[in-house]
Amino acid sequence: GKGDYGDPFVCLTFADGSRTSDFVFESSEVKDEKPTLSGMPCALPPSCPDDQTLHVILKEACRPTLRLHLFYTAYSAENVISRRAVLENGTGETVVINKLLSSQLDFEDSDYIMTSFHGSWTNEMNRSETPCSGKNIVNETRLGFSSNRANPFVMLSRPDATETSGEVYASNLIYSGNHYECAQSGELARLRFSTGIHPEGFSWLLKSGESFETPEAALCYSAEGFGGVSRCFHRFVRKYIIRGIWANKAKPVLINSWEAAYFDFDENRILSIAKQAKQLGVELLVLDDGWFGRRNSTKTSMGDWTANPEKLPHGVRGLADRIHDMGMQFGIWVEPEMVNPPTKLYKEHPDWIYHFANRVSDTSREQYVLDMTREDVQQFVYQMLDDLLTSYDVDYIKWDANRPISQSNLDRSVWYKHIEAVYDIVKALKKKHPHVLFEACASGGGRIDYGILGIFDDFWTSDNTDACDRLTIQDSYSYIYPIKAMRAWVTDCPNFISNRDIPMRYRFHSAMMGTLGIGCNILKFSDEETKLAQEMIALYKEIRPIVQEGDFYRLENLSEDDYRSYEYLKDTKGLLFVFLSHTRIGHRPLTLKLRGLKKDTRYKLTYGDQEIIKSGAYFMARGIDLRLSGDYASELIFISEM
Ligand code: DGJ
């Protein structure tokens, strides 16, 4: 409202109806401690001693007791700066916040490409690149969740930037609700990049004496291309975002019942799966959807969270005890924010869903969304999960959310409060049950962001379990999310969604690039498949520290063929995964140039019966020639320092 016609950082309405605000500098200080002023959804923890926070205080020119605090924390080792804003109202009047973002950067020119990732169910994270000059580019979601439509992660790169070189700025919002990222090329061809809570549908009444704190935006810069950004962000997330015991603990190999059994199981079948899984080396069994009420389809029972006596005659406790007796951990699926219409829960509390009295309430996947802003609903969800964790000795919760929010109530702070409630419930449960691992899922990748990762421990990237498609999806997630956070299953063929047959070895290699899980009906495995699965799971356990904690490199494909190769390095060891979807006869082999090695150190590369010993400089400059043959061929190569 005051002469800067670019995308505004803050939009307020004052008691007199006016909307112009003008925040001017008041003071600033640099602190070693990271101050937290109010309970924002997912504040990063205080930074380590070397890192510092710049606190800038601005006051509104006409209402000096309305202050805007800007916090910049520098995580120097990771090349990351986090930025958030706090609006503090001391004016004696209520102020309406229509828009308050988390960060805003003004660039001197607009010669940048904006890279963002969009998608849909089973088609998550498609990379798109748009030149910024002369445009207003918005990456956004308004579904209530960060959503698979557009991830909040965005990069702004110089046109000559590549995977390995060139300048790249990147931003990710530490928040799981409606988000907004805007690259606006404005006056004199400058570029303004803003990110924060989506202003559309958002509104907050800030009473006098109160503050509103935005989520943090994590900002990164690298002069080493997209790969440089990824490694900085991976380190940052492992160090600051993933918390609790799972920050430093290896993630277990699991088996999940969904694709193996869908709704068609009972205790005996699950126990047979568990027994066989134990033989394969699996460490955790997760019972997916279908264990409660009369849930034999998506139409019913969600909200009535008591075990189906026909399927589980000894209840969840009976099953959990037997699984534990086998020496395995036990996990269970829930979808706590939702309810099906034909349930006791909905019958007793029809007013607990987001709805308008005179409209037909929207269903999606035959379910409604619970109004998580209500205290009684929050209490119900917390109690249900606390009972589950306390009475049944559960080690793992898969928290699903299979539809977006609609018909939210009249108060436009709902979108924010819903997410805050989810965070608060999981935080409270983790405080009481710190050993439990929480997996975030929203029909696959419907709510994957740094906010969810700061609260949960890992996430399910996609319901697309086709091993070949999955490589593309994992590749895109790997730009920002560390490998450790990504659950990946080996599932049966032909794949339920692509109908494609892919050899089991390739399927394992693809899933071993993340946190390994098995989604197959292992009761149908042939002896040969059982043997291969045993070998692969044993191998995964050996390489797990490198996969889950190592530095990650997307290697360039220097061949004409459809090769994909990825490198992991940790201390003196490393791995290369190489995939080829279709062999084409008469083509040159792949020249694989490694990255991140020490030039003067000698390394040994081993695969099959091959062994190559050369210097790091040789492997990075000349590389090795590798030819895979057959369709869906894959190779795992071991790297070790001599
Ligand atoms: C969607 C999830 O992504 C699947 O893995 C599975 O848990 C189903 N929901 C169950 O309804």
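K.L.:
With reference to specific residues and values, describe the layout of surface pockets.
P.N.:
Regions of empty space are outlined by a rolling probe, equal in size to a water molecule, passed over the atoms. Its volume calculated, the largest pocket comes out at about 540 Å³. Around the largest pocket sit 23 residues that line it, and D4, P8, F9, V10 and S21 are the ones nearest its centre. Among the secondary structure elements, those contributing two or more residues to the lining of the largest pocket are β1 (10–13) and β4 (66–75). Element by element, the count of residues in the lining of the largest pocket is highest for β1, at three residues. Looking at side-chain class alone, the lining of the largest pocket contains ten nonpolar, six polar and seven charged residues. Approximately 460 Å³ is the volume found for the second largest pocket. The wall of the second largest pocket is formed by 27 residues, among which W121, N402, A442, S443 and D463 lie closest to the centre. Classifying every residue of the lining of the second largest pocket by side-chain character gives 13 nonpolar, six polar and eight charged.

K.L.:
Before we move on, could you go through the site of the ligand and cite the residues and values that matter?
P.N.:
Of all residues adjacent to the ligand, which total 14 residues, the nearest are D288, D289, K398, D400 and D463. Within the side chain of W333, one N or O atom sits 3.1 Å away from an oxygen atom of the ligand. In isolation the ligand exposes 300 Å². Once the protein is present, 99% of that is buried. Structurally, the ligand is housed in the second largest pocket.

K.L.:
Describe in detail the packing of aromatic side chains, supporting the description with residues and values.
P.N.:
Enumeration over the complete set of coordinates arrives at 41 aromatic pairs. Judged by centre distance (5.6 Å) and plane angle (40°), the ring pair of F117 and Y479 falls under tilted. Highlighted residues: F117 in strand β7 (residues 113–120) and Y479 in the loop between α9 (467–477) and β25 (486–490), separated in sequence by 362 residues. For the pair formed by F117 and Y479, the shared burial category is buried. The interplanar angle of 25° and the centroid separation of 3.9 Å between the aromatic rings of W460 and W489 together place this pair among those described as stacked. Of the two residues, W460 sits in strand β24 (residues 458–460) while W489 sits in strand β25, which places them 29 residues apart along the sequence. Summarising the burial analysis for this pair, W460 and W489 share the class buried. Taken together, Y75, F117, F153, F233, F236, Y240, Y450, F459, Y477, Y479 and Y481 form an aromatic cluster joined through their ring pairs. Stacked on the ring of Y112, the Lys or Arg R158 has its end atom at 4.1 Å from the ring centre. K311 extends its terminal NZ or CZ atom over the ring of F265, reaching a point 4.7 Å from the ring centre.

K.L.:
Can you explain a nonpolar patch on the surface? Please cite residues and give values.
P.N.:
Residues W121, F496 and I497 make up a contiguous nonpolar surface patch of about 290 Å² in total accessible area. Locating I497 in the fold gives a position in the loop between β25 and α10 (504–512). Since its relative accessible area comes to 34%, I497 is described here as partly exposed.

K.L.:
I'd like to hear about the sheet that holds strand β29 (residues 573–580), residue by residue, with values.
P.N.:
As summarised here, the arrangement of the six strands in space is β27-β28-β29-β34-β31-β32, forming an open sheet in which the pairing is antiparallel. Strands at the two margins of the open sheet, each flanked by one partner only, are β27 (551–555) and β32 (610–615). Taking the axes of each pair of neighbouring strands and ignoring which way they run, one obtains an average angle of 20° across the sheet. Sheet strands touched by α10: β29 and β34 (633–641). Its angle to β34, the strand with the most contacts, is close to 50°.

K.L.:
Now, about the confidence of the model for the chain: what can you tell me, with residues and values included?
P.N.:
Of all residues in the chain, 97% attain a pLDDT of 70 or more, and the chain-wide mean is 94. Of the regions scoring below 50 in pLDDT, residues 37–42 engages in 25 contacts with residues more than four places distant in sequence or in other chains.

K.L.:
Quick one: what's the story with the pattern of salt bridges, residue by residue and with numbers?
P.N.:
The final tally for this structure, using the stated rule, is 42 salt bridges. In this structure, the salt-bridge partner of E213 is R84, at a minimum N-O distance of 2.4 Å. With E213 in strand β15 (residues 211–213) and R84 in strand β5 (residues 80–89), the pair connects residues that are 129 residues apart, well separated along the chain. Judged by its relative accessible area of 0%, R84 is buried. With its nearest N and O atoms 3.4 Å apart, the salt bridge here joins D475 to R564. Of this pair, D475 sits in helix α9 while R564 sits in strand β28 (residues 563–570), and the two are 89 residues apart along the sequence. Of the residues examined, R564 reaches a relative accessible area of 24% and is grouped as partly exposed.

K.L.:
Describe the pairing of strand β6 (residues 95–107), listing the residues and the values that go with them.
P.N.:
Remember that side chains alternate between the two faces of the sheet whenever the strand is regular. Here β1 pairs with β6 via four bridges, running antiparallel. Across the sheet, residue L12 finds its bridge partner in β6, namely I97. Two strands pair when backbone bridges link them, and β6 and strand β14 (residues 204–206) are joined in this way by three bridges, in the antiparallel orientation. If you follow I97 over to β14, its bridge partner there is W204. Note: β6 against strand β13 (residues 191–197), six bridges, orientation antiparallel. From the neighbouring strand, Q104 faces β13, where its bridge partner is S194.

K.L.:
Lay out the environment of Q379 in plain terms, naming residues and giving numbers.
P.N.:
Along the chain, Q379 turns up in helix α6 (residues 375–392). On the accessibility criterion, Q379 (46% relative accessible area) is partly exposed. Distance in space between the C-alpha atoms of Q379 and F212 is 24 Å, their sequence separation being 167 residues.

K.L.:
So, unusual backbone geometry: which residues are in play, and what are the values?
P.N.:
A cis amide bond, omega -5°, links C493 with the succeeding residue P494. Following the sequence through the fold, P494 ends up in the loop between β25 and α10. Non-glycine residue D571 carries a positive phi angle of around 50°.

K.L.:
Tell me about the sheet that holds strand β23 (residues 437–440), and name the residues and values.
P.N.:
Read once around its circumference, the closed barrel built from eight strands follows the order β17-β18-β19-β22-β23-β24-β25-β26, with strand pairing classed as parallel. Put simply, the sheet's adjacent strands are angled 30° from each other on average, direction ignored. Strand direction decides the pairing type here: strand β18 (residues 284–287) and strand β19 (residues 329–334), joined by four bridges, are parallel. Within β19, the position partnered with L284 by the bridge is Q329. Where helix α3 (residues 267–280) meets the sheet, it contacts β17 (254–256) and β18, and its direction lies at approximately 155° from that of β18.

Reading guide: rules and limits
Residues numbered from 1 in each chain as written. Predicted model: local features only at pLDDT ≥ 70, side-chain atom pairs only at ≥ 80, totals over all residues. Heavy atoms only, no water. 1 Å grid on protein atoms, 1.4 Å probe; cavity = no way out; pocket = protein on both sides within 12 Å on 5 of 7 lines; lining within 4 Å. Points joined across faces, edges and corners; volume = space filled by probe spheres on them. Helix = DSSP H or I, 4+ residues; strand = E, 2+ residues; numbered from the N terminus. Nonpolar A, V, L, I, M, F, W, Y, C, P; charged D, E, K, R; others polar. Near = heavy atom within 4 Å. Polar contact = N/O pair within 3.5 Å; in protein donor to acceptor, adjacent residues only side chain to side chain. Areas by Shrake-Rupley, 256 points an atom, 1.4 Å probe, with all protein chains shown as cover. Sits in = over half its atoms within 2 Å of the grid points. Phe/Tyr/Trp six-rings, centres within 6.5 Å; stacked < 30°, edge-to-face > 60°. Buried < 20%, exposed > 50% of the residue type's maximum accessible area, 1.4 Å probe, protein only. Lys NZ or Arg CZ within 6 Å of the ring centre and 35° of its normal. Patch = residues over 30% accessible without salt bridge, like charges linked within 9 Å, V, L, I, M, F, W, Y side chains within 5 Å. Salt bridge = Lys/Arg side-chain N within 4 Å of Asp/Glu carboxyl O. Pairing = 2+ DSSP bridges. Axes fitted to C-alpha atoms, helices over the stretch in contact; angles between N-to-C directions. Contact = heavy atoms within 4.5 Å. pLDDT = per-residue confidence, 0-100.

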